[in-house]
Amino acid sequence: MELPKTSNGTVPKVIARGASREAIVEAATRLFLEHGFGSVSMDELAEAAGLARRTLYNQFTSKEEIFREMLLRVSGHLEEVFPPGIETQGGVEEVLRLIARMILELHGRPEYLGFLRMVVADARQFPWIAEEFAAVMDPQTERLARYLAHLTALGVLECHNPTLAAHQFMGILNEFSLWPWMMGRERLAVPAEEVVEETVRMFLRNYRRPRSDEAHHDAAA
């Protein structure tokens, strides 16, 4: 892609800087996945990005800083999966369907899956990688748990352990699309929408408060 130029024919510095940063992150994503975080040098990153070593260090001072930039992008993906206000987008079935669809859509993003595979591969040698990844992932799980706890307090659901229930919900979806990819297997030949519907149905069959109990709860309130 050709960068726009100013009237004197030069590339604006801000745009060039952004392009360099993007090239570095793309190169890091590829090399970290292929060779592992610890096996890739800053010089190799500069070469893969097509940049001078000095340009690389002008953008990032270390591989750790590049990793954190990648993590910020993953955080943005997660925000898209569970955007603010999604809990108010209808009844429990509608909200859980929305969340399930967005999780499956996230699992279809190669950049997210590649990052996740890198974390799994390198976390043992670099524990801080797993810790920082968990710091981004855990709040989203906790948010789903709070939503389930809120519905339990309202008498809609009966989740004695909302955190466990949140992990169970996501685990069903992970088993269909995430773990097969991580293990190099083909996912089940089942339409994604069928997976969504069956996941929500199974979850609510276990956790929805019986209608009679719901009516009794409302009357008591």
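Residues numbered from 1 in each chain as written. Predicted model: local features only at pLDDT ≥ 70, side-chain atom pairs only at ≥ 80, totals over all residues. Heavy atoms only, no water.

Q: Please explain the packing of helix H4 (residues 63-81) against helix H7 (residues 127-153) as it appears in this structure.
A: Closest axis-to-axis distance for the H4/H7 pair is 10 Å, and the angle between their directions is 20°. Here H7 runs roughly parallel to H4, going by the angle between their axes. The hand of the H4/H7 crossing is right-handed. Between H4 and H7, the residues in contact are Glu64, Phe67, Arg68, Leu71, Val74, Ser75, Leu78 and Glu79 and Trp128, Ile129, Glu132, Phe133, Val136, Met137 and Gln140, respectively. Tallied by class, the residues present in the contact of H4 with H7 amount to nine nonpolar, two polar and four charged. (Axes fitted to C-alpha atoms, helices over the stretch in contact; angles between N-to-C directions. Helix = DSSP H or I, 4+ residues; strand = E, 2+ residues; numbered from the N terminus. Parallel < 35°, antiparallel > 145°, perpendicular 65-115°, else oblique. Left-handed = near helix turned anticlockwise from the far one by under 90°. Contact = heavy atoms within 4.5 Å. Nonpolar A, V, L, I, M, F, W, Y, C, P; charged D, E, K, R; others polar.)

Q: Just to check I follow, could you spell out the confidence of the model for the protein for this structure?
A: A low pLDDT score tells you not to read the predicted coordinates there in detail. Considering every residue of the protein, the mean pLDDT works out to 84; 87% of them sit at 70 or more. When the criterion is pLDDT under 50, residues 1-16 qualifies, and its contacts beyond four places in sequence or with other chains add up to 12 contacts. Scored below 50 in pLDDT, residues 214-221 makes six contacts in the model with residues more than four places away or belonging to other chains. (pLDDT = per-residue confidence, 0-100.)

Q: Explanation requested: the side chain of Ser62 in the structure shown.
A: With respect to the helices, strands and loops of the structure, Ser62 is situated in the loop between helix H3 (53-59) and H4. Side-chain polar atoms of Ser62 contact the backbone nitrogen of Glu65, separated by 3.2 Å. (Polar contact = N/O pair within 3.5 Å; in protein donor to acceptor, adjacent residues only side chain to side chain.)

Q: Quick question: what am I supposed to make of the packing of aromatic side chains here?
A: According to the stated counting rule, one finds nine aromatic pairs in the structure shown. Taking 5.0 Å as the distance between ring centres and 55° as the angle between the ring planes, the aromatic pair formed by Phe32 and Phe37 counts as tilted. Among the residues examined, Phe32 registers a relative accessible area of 1% and is labelled buried. Geometrically, the ring pair formed by Phe67 and Phe115 is stacked, given 5.3 Å between the ring centres and 25° between the ring planes. Of the two residues, Phe67 is situated in helix H4 and Phe115 in helix H6 (residues 110-122); the sequence distance between them amounts to 48 residues. Each member of the pair, Phe67 together with Phe115, is buried. Members of the aromatic cluster, each reached through a chain of ring pairs, are Phe32, Phe37, Phe67, Phe115, Phe126, Trp128 and Phe133. Geometry around Phe37 places Lys63 over its ring, the cationic atom sitting 4.7 Å from the centre. (Phe/Tyr/Trp six-rings, centres within 6.5 Å; stacked < 30°, edge-to-face > 60°. Buried < 20%, exposed > 50% of the residue type's maximum accessible area, 1.4 Å probe, protein only. Lys NZ or Arg CZ within 6 Å of the ring centre and 35° of its normal.)

Q: Would you mind showing me how to read the nonpolar core here?
A: As a rule of thumb, soluble globular proteins bury nonpolar side chains together. Ranked by size, the top nonpolar core spans 62 residues in total, and within it Phe32, Leu45, Ile66, Phe115, Leu144, Leu148 and Phe169 carry the most contacts. Of all the secondary-structure elements, those providing two or more residues to this core are helix H1 (13-35), helix H2 (42-49), H4, helix H5 (92-107), H6, H7, helix H8 (162-182) and helix H9 (192-207). With residues up to four places along the chain from it excluded, the contact list for Leu144 reads Phe82, Ile99, Ala166, Phe169 and Met170. (Core = buried A, V, L, I, M, F, W, Y, C linked by side-chain atoms within 4.5 Å.)

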